[in-house]
Amino acid sequence: MTSAMRYSTPAIVLHWLVALLIFVAFPLGLYMADLPLSPEKLKLFSYHKWIGVTVFMLAGLRVMWRLTHTPPPLPASVAGWQRRASAVAHGLLYLLILVIPISGWLMSSAKGVQTVWFGVLPLPDLIGKDKALGHLLETVHETLNYTLLALVVLHVAGALQHHFIERQPFLQRMGWNRT
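Residues numbered from 1 in each chain as written. Predicted model: local features only at pLDDT ≥ 70, side-chain atom pairs only at ≥ 80, totals over all residues. Heavy atoms only, no water.

(A) Local environment of the environment of His 135. By the secondary structure assignment, His 135 is in helix α4 (residues 131-165). A C-alpha to C-alpha distance of 25 Å links His 135 and Leu 21, two positions 114 residues apart in sequence. (Helix = DSSP H or I, 4+ residues; strand = E, 2+ residues; numbered from the N terminus.)

Next up, the structure:
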């Protein structure tokens, strides 16, 4: 595969780093949500928030990189409807990886629990304490996460389908060297 068909190294690193962090944060969020209030739960919430803030910052870098660097073109054999679906899915993925951490930060602010990145850098509350709004934002945060999960499943399924069934070098585009 030519380098013109691969994403740039920074794009690949940011893609996999954000993916890894999301793959850790999502199950952590599911696990910790139903735990009884305890020091362990508070520690896990802190880890979850640290990951979320990190995802937000890396996603911001990723979006800036994407806006200033043209991605490699899709193979000519990719149908027009698939190109449009890919563009919509990627746009929604970018949007969600930016909006989900903000929704969590807003939720924490509304619940009166400050976000402190890595236990060192206190982030300002985005809104005032409001219990009812905090519960609403919790539902929003959860819904956005399940939407992201569905999109990630479609994204991975599409890449695997193109790579293994249609024999297009989709996995190599994002850094995999072998099939």
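(B) Quick peek at α4. If you check α4, its first and last C-alpha atoms are 50 Å apart, about what 35 residues at 1.5 Å a residue would give, namely 51 Å. Those residues of α4 lying buried are Gly 134, Leu 137, His 141, Leu 144, Asn 145, Leu 148, Leu 151, Val 152, His 162 and His 163. Of the residues flanking the end of α4, it is Arg 167, one or two places downstream, whose phi is positive at about 60 degrees. (Expected span 1.5 Å × (residues − 1). Buried < 20%, exposed > 50% of the residue type's maximum accessible area, 1.4 Å probe, protein only.)

(C) Molecular detail of the pattern of salt bridges. In total, this model carries two salt bridges according to the counting rule given. Of the charged contacts in the structure, one is a salt bridge between Lys 43 and Glu 40, with a shortest N-O distance of 3.3 Å. You can see Lys 43 and its partner Glu 40 sitting in helix α2 (residues 39-68), three residues apart, about one turn around the helix. Residue Lys 43 is classed as partly exposed on the basis of its relative accessible area of 36%. Residue Glu 40 is classed as partly exposed on the basis of its relative accessible area, which comes to 40%. A salt bridge links Lys 111 to Glu 138; its shortest N-O distance comes to 2.6 Å. One end of the pair, Lys 111, is in the loop between α3 (80-110) and β1 (116-117); the other, Glu 138, is in helix α4, with 27 residues separating them in the sequence. (Salt bridge = Lys/Arg side-chain N within 4 Å of Asp/Glu carboxyl O.)

(D) Structural context of the side chain of Ser 108. Inspection of the secondary structure puts Ser 108 in helix α3. In this structure Ser 108 touches Lys 49, Val 113 and Thr 115, once residues within four positions along its chain are discounted. (Contact = heavy atoms within 4.5 Å.)

(E) Structural detail: the nonpolar core. Val 18, Ile 22, Ile 51, Val 55, Leu 96, Ile 97 and Leu 148 are the most contacted members of the largest nonpolar core, which has 22 residues in total. When residues of this core are traced back to their parent elements, those giving at least two are α1 (9-33), α2, α3 and α4. Broken down by element, this core gets its largest block of residues, seven residues, from α1. What Leu 96 contacts, discounting residues up to four positions off in sequence, is Pro 101, Leu 144, Thr 147, Leu 148 and Leu 151. (Core = buried A, V, L, I, M, F, W, Y, C linked by side-chain atoms within 4.5 Å.)

(F) Representation of the packing of α2 against α3 in the model. Packing of α2 against α3 brings their axes to within 9 Å, and their N-to-C directions diverge by 145 degrees. For α2 against α3, the interelement crossing comes out left-handed. Two secondary-structure elements touch here, α2 through Lys 49, Gly 52, Val 55, Phe 56, Ala 59, Gly 60, Arg 62, Val 63 and Arg 66 and α3 through Tyr 94, Ile 97, Leu 98, Pro 101, Ile 102 and Ser 108. Partitioned by chemical class, the residues of the contact of α2 with α3 number nine nonpolar, three polar and three charged. (Axes fitted to C-alpha atoms, helices over the stretch in contact; angles between N-to-C directions. Left-handed = near helix turned anticlockwise from the far one by under 90°. Nonpolar A, V, L, I, M, F, W, Y, C, P; charged D, E, K, R; others polar.)

(G) The arrangement of the side chain of Ser 103 in detail. Looking at where Ser 103 falls in the secondary structure, it is placed in helix α3. At a separation of 2.7 Å, a polar atom in the side chain of Ser 103 contacts the side chain of His 141. Those residues in contact with Ser 103 that sit more than four places away from it in its chain are His 141 and Leu 144. (Polar contact = N/O pair within 3.5 Å; in protein donor to acceptor, adjacent residues only side chain to side chain.)

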